[in-house]
Each structure stands twice: as structure tokens, then as C-alpha cells.
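Analysis of the macromolecular model
Here's the letter readout for the chains.
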Amino acid sequence: MLISFFSTIGVSLGMGGLLVLLRRALRLPRRLSVDLGLTLLGAGMLALLHLASKDLFGLDPWFGLGFELAKHGLELVVILLLLVAI
């Protein structure tokens, strides 16, 4: 379960960093609506990653639906926190 936690945090930080770079490259304003839109874009990319590799590159065993929903919710919160903070 610890490996699952670290892979979740790693993917979240990487995705948040990419979205921060995208916001800067497109010169989007720092507004909550823009951050929420970018978070939704990140959610879509996470969904595509999850569909491409259900176990996120072999690091993530299945712990049940509740755990999976909480894990992906945590990923989205970390992405939004990065976007709002930076």
C-alpha cells in the first residue's frame, strides 16, 4: 500500500507540474476558474493513464473501489493545490 501511495503522489506532482508549465506557456491568468479547468484537464489525463495501464505501470495493486476513488481524489486535490500555490 505504501508503494501505491508514493506512486500516487509522484504522478500527482508530475501532472501538477506539467499543468503549471502549460498555464505559464499559454499565459493564462491565475484565477480559480482557470485552475479548476486545468485540474479537470489533469483528471482527463489521469483517466487516460489509468485506462492505458490500469495498475499505473505495475506499481499499484488493487485494494478495492473505495481505495481507488480516494486515491484518485487525492491526486486531484494535490494537482489543484499545486496550481493554486504556484
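We now turn to the structure provided with this report.

Quick notes on the rules
Residues numbered from 1 in each chain as written. Predicted model: local features only at pLDDT ≥ 70, side-chain atom pairs only at ≥ 80, totals over all residues. Heavy atoms only, no water. Helix = DSSP H or I, 4+ residues; strand = E, 2+ residues; numbered from the N terminus. Expected span 1.5 Å × (residues − 1). Buried < 20%, exposed > 50% of the residue type's maximum accessible area, 1.4 Å probe, protein only. Arc of directions from axis to C-beta. Patch = residues over 30% accessible without salt bridge, like charges linked within 9 Å, V, L, I, M, F, W, Y side chains within 5 Å. Areas by Shrake-Rupley, 256 points an atom, 1.4 Å probe, with all protein chains shown as cover. Salt bridge = Lys/Arg side-chain N within 4 Å of Asp/Glu carboxyl O. Axes fitted to C-alpha atoms, helices over the stretch in contact; angles between N-to-C directions. Parallel < 35°, antiparallel > 145°, perpendicular 65-115°, else oblique. Left-handed = near helix turned anticlockwise from the far one by under 90°. Contact = heavy atoms within 4.5 Å. Nonpolar A, V, L, I, M, F, W, Y, C, P; charged D, E, K, R; others polar. Core = buried A, V, L, I, M, F, W, Y, C linked by side-chain atoms within 4.5 Å.

1. Remarks on helix 3 (residues 65-85)
For helix 3, with 21 residues, the first-to-last C-alpha span of 30 Å sits near the 30 Å given by 1.5 Å per residue. Buried within helix 3 we find Glu68, Lys71, Glu75, Val78, Ile79, Leu82 and Leu83. Buried residues along helix 3 cover an arc of 135° about the axis, so they all sit on one side. Relative to its buried face, helix 3 has exposed residues pointing more than 90 degrees away, namely Leu65, Gly66, Leu69, Ala70, Leu81 and Ala85.

2. Some thoughts on a nonpolar patch on the surface
A cluster of nonpolar side chains, Leu2, Phe5, Phe6 and Leu74, forms an exposed patch at the surface whose accessible area comes to about 410 Å². Residue contributions to the nonpolar patch peak at three residues, all from helix 1 (residues 2-25). By secondary structure assignment, the location of Leu74 is in helix 3. Classification of Leu74 as partly exposed rests on a relative accessible area of 33%.

3. Section: the environment of Phe5
With respect to the helices, strands and loops of the structure, Phe5 is situated in helix 1. Taking the C-alpha atoms as reference points, Phe5 and Leu74, separated by 69 residues in sequence, lie 9.8 Å from one another.

4. Thoughts on the packing of helix 2 (residues 32-52) against helix 3
Helix-helix packing: each pair is described by the crossing angle between the helix axes and the interaxial distance. Between helix 2 and helix 3, the shortest axis-to-axis distance is 9 Å and the interhelical angle comes to 140°. Classified by the angle between their axes, helix 2 and helix 3 sit oblique to one another. Both helix 2 and helix 3 take part in a crossing whose hand is right-handed. Counted together, Leu32, Asp35, Leu36, Leu38, Thr39, Ala43, Leu46 and His50 of helix 2 and Glu68, His72, Glu75, Leu76, Ile79, Leu80, Leu83 and Val84 of helix 3 form the full contact between these two elements. Tallied by class, residues from the contact of helix 2 with helix 3 come to ten nonpolar, three polar and three charged.

5. Some remarks on the nonpolar core
Counting nine residues, the largest nonpolar core consists of Val11, Met15, Leu19, Val20, Val34, Leu38, Leu46, Ile79 and Leu83. Mapped by element, the contributors of at least two residues to this core are helix 1, helix 2 and helix 3. Per-element tally for this core: the top contributor is helix 1, with four residues.

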